Amino acid sequence: MVELLVWPALLAYGEAAFAYAGDVRSPGRFGRFATWGVRVGWLAQTALLIFQALSADGFPWNSWAGSLNLFVWLVVSAYLIWGCSPRFRLLGLAVMPLAALLLALSYVAGGTEGGSGLAWSDVLLVVHIALVLAAFAGFTVAGGLAALELWQERVLKRRPAGILRLRAPSLVALDRLTISTVAVSLVTLTAGIIPGLARLPESGLDVLVVGTAVLWILGAAILYLRVRAGRRELAAALALGALGAVIVLQLGLLATHVA
Amino acid sequence: MRLLLVGTSHRLAPVEVRERVALDSDGEAALARRLGEGGEAVCLSTCNRTELYLAAADTEVAGERATVELADLGRIPRGELEPYLYRLEQDAAATHLFRVAAGLDSLVPGEGEIQGQVRAAYERGAVGPLLDRLFRHALQTGKRARSETAIGERPASVASAAAALAAQVFGDLSGRELLVVGAGKVGQLAAKHLVSRGAALTVVANRTFDHASALASQFEASAQPLDSVESQLSEADIVVSSTSAREQIVSREQVERALPARKGRPLLLLDLAVPRDLDPAIRELHGSFLFDIDDLQAVVEETLTGRRGEAVRAEEIVAAEGERFRDWLGSLDAVPAIASLRDRAESIRRGELAKASPRLAGLSERERHAVESLTSQIVNKLLHQPIMRLKEAGPGEDGEQRAPEGRLQG
């Protein structure tokens, strides 16, 4: 059953990634294929997650590979909010190849299996993992938006003759979305950290906890810089930094779980 | 009913001829009413074309009437007007209108105004089933060409390029404050484009205060002297400058002083003046984006090249839609033949039932109904294939339905 759901999701995400690349070369022609690839892939992966949840004894995504699977779904879900609009297809070019790659990695590493599972009864840990992963996904999408914003800024500064050729969201829209995504992610991360803090006396302080705290500080700094200090570009650059922190945390998760 | 187009456009006629046969909206409606007596008519008149779309049983007569009307309208002898006129019939006329609605027959490929003009002409026309279908299909084709290609997306003038760049920075321009420096024609045109996209012209600054007041009063803005520009920089989102001053109007330092108060809001500066009004060093400042006249002209040049490329794709869409309309026209031609075939079959059925009625006298009402239904079904099934053949066959060269008897059977 897992095979029946993973492969459609992988193929659809892969197809979307190629279609987004085609859409950049020839705007408008491949956009619909890309959007349908994202939608079909997301539906297949949603079905996969439901199947995993129903067939596992407990929370099936507490392993590194499992969390990667859930993380990919959360990223694509966040992207889907804007992904259907033609102007956000450039963001899809950044998100969908990553989603296809990470889902493939999760599949190879066994993250799409039922899993031994953490007991559902360990509510605090389940909530902690789910919310932190959701926040990571939010910061990932915010990083993609910030990259697009910095690219848009650079294009506007360089003033090429073909400046209007690539259909991208406006600078102001990207700024607003980056900041609101960071704000939502920060709230989610805070909500995810609180149950983690409750477990801190027994689990102790490790690199992942410190990394998560750094990510929280980065998120808060982004909001301060943008909202209070009016430093739009620096805030966008820091949002890219937050994406870097998420990647490091995912790798840290891999290291600790493999170890 | 057959479709006919009689018209003239920038491709055939110089402006001296086009302006004489041009119609205003009331004139379009009145001419459509006159030509539509006993048929259907729509008059499409823009600065580039005057075209009369007619649906008539006799296209020769309708074409003559249309030519006479145009000659009378322009007070041009018919012989002098005819070299500037084109006549297209049936699917050729339809495909022409589809190209017009898609902006492919315009001076600037993909220009957006024509779609509205086609819609207005349709609404003012004397339309029946044929022209109603034709114009609705044309509007859909125009919409499809614009949504599936980028033909109409990019600007074709410096003023519209300025507005498109503002949208690239701010997205929706609603509520964005516009400061115009200089009250000349160029700045006025750019301001009009920006205001049409939702920007609010708040201040016009000019050396001659009266000129500033005149422009400001058109947009309910306030007029200011030129030396007040710096104080406006922290509020305005878009600055359009087009004075004839020899010296710089806004320096890098002035913008730099204004930026902190903007709290990260981008400032777009459009310098349309030669010599330039705005210090090029403003480009070095974060959060400000400066475009001069050369930048905007380069965007327009690129746009026109891009539009020509997109036009090839739009032509493919128009050709496909033209084909669809041709099929529909073909099926329309088959309607009288189909109706006659049905009538004949029905009269045979009724005749045979009438002949058999003495033998069916003992049947109950229900049984009689069953026989009626059964014979109808047999006739319908027998007719199905010939009718499909008639629809597929379409019209011949002469416009008459072609479908030899022999071909009607399987």
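Residues numbered from 1 in each chain as written. Chains lettered and ligands numbered in written order. Predicted model: local features only at pLDDT ≥ 70, side-chain atom pairs only at ≥ 80, totals over all residues. Heavy atoms only, no water.

Caption draft 1: Structural context of the overall build of chain A. Along its length, chain A carries 8 helices and 0 strands. For chain A, the sequential pattern of α-helices and β-strands runs α-α-α-α-α-α-α-α. Per-residue burial over chain A gives 53% buried out of 259 residues. Taking as baseline every contact in chain A between residues at least 6 positions apart, the subset at least 24 positions apart corresponds to 77%. Carbon and sulfur atoms make up 72% of the accessible area of chain A, which totals about 11400 Å². (Helix = DSSP H or I, 4+ residues; strand = E, 2+ residues; numbered from the N terminus. Buried < 20%, exposed > 50% of the residue type's maximum accessible area, 1.4 Å probe, protein only. Contact = heavy atoms within 4.5 Å. Areas by Shrake-Rupley, 256 points an atom, 1.4 Å probe, with all protein chains shown as cover.)

Caption draft 2: Expanded view of the layout of surface pockets. For the largest pocket, the calculated volume is near 720 Å³. Grouping the amino acids of the lining of the largest pocket by side-chain chemistry returns 17 nonpolar, 10 polar and 2 charged. (1 Å grid on protein atoms, 1.4 Å probe; cavity = no way out; pocket = protein on both sides within 12 Å on 5 of 7 lines; lining within 4 Å. Points joined across faces, edges and corners; volume = space filled by probe spheres on them. Nonpolar A, V, L, I, M, F, W, Y, C, P; charged D, E, K, R; others polar.)

Caption draft 3: Highlighting the sheet that holds strand 3 (residues 49–56) of chain B. All names here are of chain B. In spatial order, the strands read 2-3-1-4; together these 4 strands make up an open sheet with antiparallel pairing. Taken across any chain shown, the strands that pair with only one partner, and hence form the sheet edges, are strand 2 (40–45) and strand 4 (86–89). Taken over all neighbouring pairs, the strand axes of this sheet differ in orientation by 15° on average, direction set aside. Two elements, strand 1 (residues 2–9) and strand 3, share 8 bridges in a ladder whose sense is antiparallel. Each residue of the ladder has a partner; that of Val6, found in strand 3, is Leu52. On the sheet, helix 2 (residues 25–35) packs against strand 2 and strand 3 and is oriented at approximately 155° with respect to strand 2. The strands touched by helix 5 (residues 90–101) are strand 1, strand 2, strand 3 and strand 4; relative to strand 4, the strand with the most contacts, the crossing angle is about 110°. (Pairing = 2+ DSSP bridges. Axes fitted to C-alpha atoms, helices over the stretch in contact; angles between N-to-C directions.)

Caption draft 4: A look at helix 2 (residues 31–55) of chain A. The terminal C-alpha atoms of helix 2 of chain A, which comprises 25 residues, lie 36 Å apart, in line with the 36 Å expected from a rise of 1.5 Å per residue. When we look at burial in helix 2 of chain A, the residues that qualify are A:Gly31, A:Ala34, A:Thr35, A:Gly37, A:Val38, A:Gly41, A:Ala44, A:Gln45, A:Thr46, A:Leu48, A:Leu49 and A:Gln52. (Expected span 1.5 Å × (residues − 1).)

Caption draft 5: Expanded view of the packing of aromatic side chains. All names here are of chain B. Tallying each qualifying case throughout the model produces 8 aromatic pairs over all chains. A centroid spacing of 5.9 Å and a plane angle of 5° characterise the contact between Tyr122 and Phe135, whose relative ring orientation is stacked. With a gap of 13 residues between them, Tyr122 in helix 6 (residues 113–124) and Phe135 in helix 7 (residues 129–148) connect regions that are remote in the sequence. For Tyr122, a relative accessible area of 15% translates into the label buried. With a centroid separation of 5.4 Å and an interplanar angle of 40°, the aromatic rings of Phe325 and Trp328 are classed as tilted. In this pair, Phe325 and Trp328 are both assigned in helix 13 (residues 293–356), 3 residues apart and thus about one turn of the helix distant. (Phe/Tyr/Trp six-rings, centres within 6.5 Å; stacked < 30°, edge-to-face > 60°.)

Caption draft 6: Region of interest: the pairing of strand 6 (residues 200–206) of chain B. All names here are of chain B. Burial runs high along strand 6: 5 of the 7 residues are buried. Bridge analysis of strand 5 (residues 177–181) against strand 6 gives 5 bridges, and the strand direction is parallel. Paired with Glu177 across the strands is Ala200, a residue of strand 6. With respect to chirality, the unit in which strand 5 leads through helix 9 (residues 185–196) into the neighbouring parallel strand 6 is right-handed. The sheet contact formed by strand 6 and strand 7 (residues 222–225) spans 4 bridges and is parallel. Each residue of the ladder has a partner; that of Val203, found in strand 7, is Ser222. The parallel pair strand 6 and strand 7, bridged by helix 10 (residues 209–219), forms a crossover whose chirality is right-handed. (Right-handed = clockwise from strand over helix to strand, strands pointing away.)

Caption draft 7: Examining the environment of A:Ala245 more closely. Residue and element names in this part refer to chain A. Among the secondary structure elements, Ala245 is positioned in helix 8 (residues 232–258). Each C-alpha atom of the pair Ala245 and Leu218 lies 8.9 Å from the other, and the pair is 27 residues apart in sequence. If we ignore the near neighbours within four places in the chain, the residues touching Ala245 are Leu215 and Leu218.

Caption draft 8: Seen up close, the interface of chain A and chain B. Residue-level contacts link 26 residues of chain A with 30 residues of chain B. When chain A packs against chain B, close to 2400 Å² is buried across both sides, 51% of that on carbon and sulfur atoms. Looking only at chain A, the three residues that lose the most surface to chain B are A:Lys157, A:Arg159 and A:Leu164, adding up to 27% of its buried area. Summed over the shared surface of chain A and chain B, the number is 2 salt bridges. Here A:Arg159 makes a salt bridge to B:Asp295, at a shortest N to O gap of 2.8 Å. Counting across the interface, chain A meets chain B through 15 residue pairs in polar contact (both at pLDDT 80 or more). Mapped by element, the contributors of at least two residues to the side of chain A that touches chain B are helix 5 (123–158), helix 6 (171–203), helix 7 (207–228) and helix 8 of chain A. (Buried area = accessible area lost by both parts, 1.4 Å probe. Salt bridge = Lys/Arg side-chain N within 4 Å of Asp/Glu carboxyl O. Polar contact = N/O pair within 3.5 Å; in protein donor to acceptor, adjacent residues only side chain to side chain.)

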